[in-house]
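Descriptive structure summary
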Amino acid sequence: MNDKVNIVIISGSIREGSNTLKAVGILMNEFSSYDFIETTHINPKYISLPFPGDINSSGDKEKLHELIAAADGVLLATPEYNGSFSSILKLIIENLGYPSALKDKPIAMLGVASSFIGAIKSLEHLRSVCSHIGGIVLSQQVSIGEADKVFADDLVEADTEKRIRKLARNLVEFIELYILPRRNIEKLLP
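Anyway, here's the lowdown on the structure attached to this text. Per chain, residue numbering runs from 1 following the sequence as it is written. Residue-level local features of this predicted model are given only where pLDDT is at least 70; pairs of side-chain atoms are given and counted only at 80 or more, and the full residue set underlies all totals for whole chains, interfaces and linings. As a rule here, side-chain values come from all non-hydrogen atoms in the structure, and water together with hydrogens is ignored.

1. Comments concerning the packing of aromatic side chains
Pairing of aromatic side chains requires ring centres within 6.5 Å, counting the rings of Phe and Tyr and the six-membered ring of Trp. Pairs whose planes differ by under 30 degrees are stacked, by over 60 edge-to-face, and all others tilted. Counted by the stated rule, this structure contains two aromatic pairs. Both rings, one in Tyr34 and one in Phe36, keep their centres 5.6 Å apart while their planes meet at 80°; by these two values the pair is edge-to-face. Burial classes follow relative accessibility: with a 1.4 Å probe on protein chains only, a residue under 20% of its type's maximum area counts as buried, one over 50% as exposed, and anything between as partly exposed. According to the relative accessible area criterion, Phe36 is partly exposed, its value standing at 25%. An angle of 40° between the planes, with centres 4.7 Å apart, marks the rings of Phe174 and Tyr178 as tilted. Placement of both Phe174 and Tyr178 in helix H6 (residues 158–188) is noted, with a separation of four residues, approximately one turn of the helix. By relative accessible area, which is 18% here, Phe174 ends up buried. Judged by relative accessible area, which is 51%, Tyr178 ranks as exposed. The secondary structure listing takes helices from DSSP runs of H or I that are at least 4 residues long and strands from runs of E that are at least 2 residues long, numbered from the N terminus.

Right under this line is the structure:
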């Protein structure tokens, strides 16, 4: 059994250079500062998933399910589109089955939007869906507003970067407090 903590980051944006992917880069950098953490970034641009009800599959659906099933925690990052989270992220969630592979997984959430108020609505909708399928949605979430200004010229506002990094640390702390003790006990059982 792998003693490393496995965290899967799923981005809901496929646009090259998107602000959501810039935020994911900061998350990946923060997770890399822990020597006991392995991360996998799922960029939906590079996977092929069927629509709900479609029985044809490239095999990516099964790989996705395995990655999430083996994860100790998940971080979902989404842009806000039309007042909700991205359809590509919804497609990923749909392909995790029901009961979902996200069931009983700690889930941290980050939303990125161009509007002044940020991605509050998208995170609200995403929280509702993840709670419905049995995920353990962490109370702290990060909503980034005015993303074009925040991520201007490939520089990130210091306050925003701190909030993004803190989100990563909160997920690690939750896993250390609640997931690892259970995993260690399970190792001792016959």
